[in-house]
Amino acid sequence: MNDAGIEFSNQTVAVLFGSGGLLSGVVAAYFAKAKNKQPSMEDCRRNHDENKREHEVLDMRVKALELAKAASDEMNRGIRRELRAMNGKLNRLLGLPQDAEEDA
């Protein structure tokens, strides 16, 4: 077999990938081991505690992002108010008509 510059004999390919090959045996053993493994009560408790900590950290990060967004939104509203006020003052100084939003 010659593929991508790597040469293997047909026997080597059969040993590695065949039905009784080394690689298929290793993969089959891995899946058999993973399939039959049952976690102990201690493993379950440890996983539960770890998940709980991860959720708490994630919850704190989400709350921090929400607070930062709320602060940013409030700052943006303040900037827009100031810009409308400055625009109104400039319009008055230049004798231009006032915006309808500013009168309200």
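What you are looking at is a predicted structure, and each value in this text was computed from that prediction instead of being measured.

Caption draft 1: Structural view of the overall build of the chain. Scanning the chain from terminus to terminus reveals four helices and two strands. For the chain, the α and β elements follow one another from N to C terminus as β-β-α-α-α-α. The 104 residues of the chain split such that 5% are buried. Split by element, the accessible area of the chain, about 9,500 Å² in all, is 60% carbon and sulfur.

Caption draft 2: Up close: the confidence of the model for the chain. Per-residue confidence for the chain gives a mean pLDDT of 80; residues scoring 70 or more make up 66%. No element of the chain has a lower mean pLDDT than strand S1 (residues 2-3), which averages 48, and none a higher one than helix H3 (residues 41-94), which averages 94.

Caption draft 3: Local environment of the pattern of salt bridges. Under the defined criterion, the tally for this structure stands at six salt bridges. Residues Asp 43 and Arg 46 are paired through a salt bridge, measuring 2.4 Å at the closest nitrogen-oxygen approach. Here the residue Asp 43 and the residue Arg 46 both occupy positions in helix H3, the gap between them amounting to three residues, near one helical turn. Using a relative accessible area of 43% as the deciding quantity, one classes Arg 46 as partly exposed. Connected through shared salt-bridge partners, Glu 74, Arg 77 and Arg 81 make up one network.

Caption draft 4: Broad picture of the side chain of Asn 91. With respect to the helices and strands, the residue Asn 91 is situated in helix H3. Judged by relative accessible area, which is 9%, Asn 91 ranks as buried. Once you skip the residues sitting within four places of it in the chain, Asn 91 turns out to touch Leu 96, Pro 97, Gln 98 and Asp 99.

Caption draft 5: Structural view of a nonpolar patch on the surface. Together, Met 75, Ile 79, Leu 83 and Met 86 give the surface a local cluster of nonpolar side chains, amounting to about 410 Å² of exposed area. Inspection of the secondary structure puts Met 75 in helix H3.

Caption draft 6: Molecular detail of H3. The first and last C-alpha atoms of H3 sit 78 Å apart over 54 residues, in line with the 80 Å expected at 1.5 Å per residue. All of the buried residues along H3 are Gly 78, Gly 88 and Asn 91. Where H3 ends, the next residue or the one after it, Gly 95, has phi of about 75 degrees, a positive value.

Conventions adopted
Residues numbered from 1 in each chain as written. Predicted model: local features only at pLDDT ≥ 70, side-chain atom pairs only at ≥ 80, totals over all residues. Heavy atoms only, no water. Helix = DSSP H or I, 4+ residues; strand = E, 2+ residues; numbered from the N terminus. Buried < 20%, exposed > 50% of the residue type's maximum accessible area, 1.4 Å probe, protein only. Areas by Shrake-Rupley, 256 points an atom, 1.4 Å probe, with all protein chains shown as cover. pLDDT = per-residue confidence, 0-100. Salt bridge = Lys/Arg side-chain N within 4 Å of Asp/Glu carboxyl O. Contact = heavy atoms within 4.5 Å. Patch = residues over 30% accessible without salt bridge, like charges linked within 9 Å, V, L, I, M, F, W, Y side chains within 5 Å. Expected span 1.5 Å × (residues − 1).

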